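Structural characterization, general
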Amino acid sequence: ETGVTQSPTHLIKTRGQQVTLRCSSQSGHNTVSWYQQALGQGPQFIFQYYREEENGRGNFPPRFSGLQFPNYSSELNVNALELDDSALYLCASSLAQGELEQYFGPGTRLTVT
Amino acid sequence: AQSVTQLGSHVSVSEGALVLLRCNYSSSVPPYLFWYVQYPNQGLQLLLKYTTGATLVKGINGFEAEFKKSETSFHLTKPSAHMSDAAEYFCAVRRGFKTIFGAGTRLFVKA
């Protein structure tokens with residue numbers, strides 16, 4: 001059984017650019033959540049996708065958007081990057097929408113200069 | 001609103017000593033509570049969770065936590081620290097689709 005994978009591992013972007021981060025969920029998991037973890041802080045919930053629909057969102061602006069595909073892989077897109085977007089971005093998949101247990105990927109480290 | 005407070009951003013213990021990481025939560029209803037561990041350059045791994053029932057929860061790697069409703073606490077303990085326990089630990093509360101994490105406690109283990 002393959003765990004949650006994320007790509008790329010590291011990424012450097014310039015302020016104002018756009019970025020796409022990718023996540024491959026654990027086999028059989030139809031729900032994915034994305035988190036932003038700034039340096040020295042706990043993860044902050046961005047949004048959750050269930051069966052290709054966004055079904056919950058945290059306090060993040062609309063320039064943070066996502067997609068979930070029929071194979072349950074997903075993307076996080078961030079437009080108009082700001083310096084404060086520099087963080088570790090984690091995705092977590094779970095077996096079903098109400099499932100408490102989430103399985104986290106290793107994250108993508110985004111640096112905005 | 002729910003929140004999680006972890007007391008102490010850094011905790012240092014000697015190898016073999018008791019590990020105690022503190023977590024308090026605020027919630028208007030009985031919560032679902034979690035402890036996660038994060039090793040350098042890795043994602044989060046679930047140590048244990050409390051949903052309902054027995055208030056003393058045992059997790060992986062010898063960790064356990066006790067849910068105390070009267071104190072709104074969910075402290076994490078391990079009787080004897082090992083060098084491999086050095087990591088960042090996060091307490092979290094779940095409500096609906098959203099998991100809210102504390103700021104984390106970094107555990108240092110001295111030889």
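Residues numbered from 1 in each chain as written. Chains lettered and ligands numbered in written order. Predicted model: local features only at pLDDT ≥ 70, side-chain atom pairs only at ≥ 80, totals over all residues. Heavy atoms only, no water.

In this section: the layout of surface pockets. Considering only enclosed or pocket space, the largest pocket measures out at about 510 Å³ in volume. Considering the residues around the largest pocket, the lining is formed by 25 residues, among which Gln37, Leu39 and Arg109 of chain A together with Gln38 and Arg106 of chain B are closest to the centre. When grouped by side-chain class, the residues that make up the lining of the largest pocket number nine nonpolar, 13 polar and three charged. Around the second largest pocket, the lining comprises 13 residues; the ones closest to its centre are Phe104 of chain A together with Gly43, Leu44, Gln45 and Leu46 of chain B. (1 Å grid on protein atoms, 1.4 Å probe; cavity = no way out; pocket = protein on both sides within 12 Å on 5 of 7 lines; lining within 4 Å. Points joined across faces, edges and corners; volume = space filled by probe spheres on them. Nonpolar A, V, L, I, M, F, W, Y, C, P; charged D, E, K, R; others polar.)

With that out of the way, let us pick up the sheet that holds strand 6 (residues 56-58) of chain B. Strand pairing within a sheet occurs via backbone hydrogen bonds; the two strands may be parallel or antiparallel. All names here are of chain B. Taken together, the five strands give an open sheet; going across it, the order is 1-3-8-7-6, and neighbouring strands pair in antiparallel fashion. Looking at the sheet topology across the chains shown, the edges are occupied by strand 1 (3-7) and strand 6. The mean angle between the axes of side-by-side strands here comes to 20°, regardless of whether they run parallel or antiparallel. Sheet analysis places strand 7 (residues 64-68) next to strand 8 (residues 73-78), joined by five bridges and oriented antiparallel. Counted as the bridge partner of Ala65 is Leu76 from strand 8. (Pairing = 2+ DSSP bridges. Helix = DSSP H or I, 4+ residues; strand = E, 2+ residues; numbered from the N terminus. Axes fitted to C-alpha atoms, helices over the stretch in contact; angles between N-to-C directions.)

Attention now goes to the sheet that holds strand 1 (residues 5-7) of chain A. All names here are of chain A. A sheet is described by the order of its strands in space; here four strands give the open sequence 1-3-8-7, paired in antiparallel fashion. Looking at the sheet topology across the chains shown, the edges are occupied by strand 1 and strand 7 (64-68). The mean inter-strand angle of the sheet, taken between neighbouring strand axes irrespective of direction, is 20°. The pairing of strand 3 (residues 19-24) with strand 8 (residues 74-78) spans five bridges and is classified as antiparallel. Its bridge partner being in strand 8, Val19 is matched across the sheet by Val78.

Bringing the environment of Ala54 of chain B into the picture now. Its place among the elements puts Ala54 of chain B in the loop between strand 5 (44-50) and strand 6. Separated by 36 residues in the primary sequence, Ala54 of chain B and Leu18 of chain B place their C-alpha atoms 22 Å from one another.

All right, on to the state of the cysteines then. Residue and element names in this part refer to chain A. Counting across every chain of the model gives two disulfides over all chains. Linked covalently through their sulfurs, Cys23 and Cys91 form a disulfide whose S-S length is 1.9 Å. Disulfide Cys23-Cys91: torsion about the S-S bond near 70°, hence right-handed. Of the two residues, Cys23 sits in strand 3 while Cys91 sits in strand 9 (residues 87-94), which places them 68 residues apart along the sequence. (Disulfide = S-S within 2.5 Å.)

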